[in-house]
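Breakdown of the fold
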Amino acid sequence: MTPKEKSEELIKKLDLALINTSIYFEIRKYFVYNCALITVDSILNEINWVENKTPIKEIKFWIKVKQEIKKIKNAK
């Protein structure tokens, strides 16, 4: 899975979790993008705790996922 595909998947899952709420669409989208970014930050923080055992490739992947989320967020 590419970073772009992963970012889209994460956003879609978060959006589906909130779709049946009474949250206004624009607010829901803002919330979803920020939650996705927080999720990736949490993953990166956990990866850093085991830095000697975590492949650099995995860290770079999640950094790219975060960049893709920001691109999607800014494009909307």
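In short, a report on the structure. (Residues numbered from 1 in each chain as written. Predicted model: local features only at pLDDT ≥ 70, side-chain atom pairs only at ≥ 80, totals over all residues. Heavy atoms only, no water.)

**Observations concerning the overall build of the protein**
The helix and strand inventory of the protein stands at three helices and zero strands. In the protein, the succession of helices and strands from N to C terminus is α-α-α. Taking the intrachain contacts of the protein between residues at least 6 apart in sequence as the baseline, contacts between residues at least 24 apart amount to 61%. In the structure as shown, the protein presents an accessible area of about 5,700 Å², 58% of it carried by carbon and sulfur atoms. (Helix = DSSP H or I, 4+ residues; strand = E, 2+ residues; numbered from the N terminus. Contact = heavy atoms within 4.5 Å. Areas by Shrake-Rupley, 256 points an atom, 1.4 Å probe, with all protein chains shown as cover.)

**Section: the packing of aromatic side chains**
Pairs of aromatic rings are described using the distance from one ring centre to the other and the angle between the two planes. This structure, assessed with the given rule, holds one aromatic pair. Considering the side-chain rings of Phe61 and Trp62, the 5.3 Å spacing of their centres and the 85 degrees angle between planes classify their relative orientation as edge-to-face. (Phe/Tyr/Trp six-rings, centres within 6.5 Å; stacked < 30°, edge-to-face > 60°.)

**Remarks on the packing of helix α1 (residues 3–18) against helix α3 (residues 56–75)**
With their axes 8 Å apart at the nearest point, α1 and α3 run at an angle of 60 degrees to one another. With respect to α3, the axis of α1 lies oblique. The chirality of how α1 crosses α3 is right-handed. From α1, Pro3, Lys4, Lys6, Ser7, Glu8, Leu10 and Ile11 reach across to α3, where they touch Phe61, Trp62, Lys64, Val65, Glu68, Ile69 and Ile72. (Axes fitted to C-alpha atoms, helices over the stretch in contact; angles between N-to-C directions. Parallel < 35°, antiparallel > 145°, perpendicular 65-115°, else oblique. Left-handed = near helix turned anticlockwise from the far one by under 90°.)

**With respect to the pattern of salt bridges**
Counting across every chain of the model gives six salt bridges. Between Lys6 and Glu9 there is a salt bridge, with its nearest N and O atoms 3.1 Å apart. Of this pair, Lys6 and Glu9 both sit in helix α1, separated by three residues, roughly a single helical turn. We classify Glu9 as partly exposed; its relative accessible area is 26%. Residue Lys66 pairs with Asp41 through a salt bridge whose shortest N-O separation is 2.6 Å. Taken as a pair, Lys66 in helix α3 and Asp41 in helix α2 (residues 25–49) lie far apart in primary sequence, 25 residues in all. When its relative accessible area of 21% is taken as the criterion, Lys66 is described as partly exposed. Of the residues examined, Asp41 reaches a relative accessible area of 28% and is grouped as partly exposed. Linked through salt bridges whose partners overlap, the residues forming this network are Lys6, Glu9 and Lys13. (Salt bridge = Lys/Arg side-chain N within 4 Å of Asp/Glu carboxyl O. Buried < 20%, exposed > 50% of the residue type's maximum accessible area, 1.4 Å probe, protein only.)

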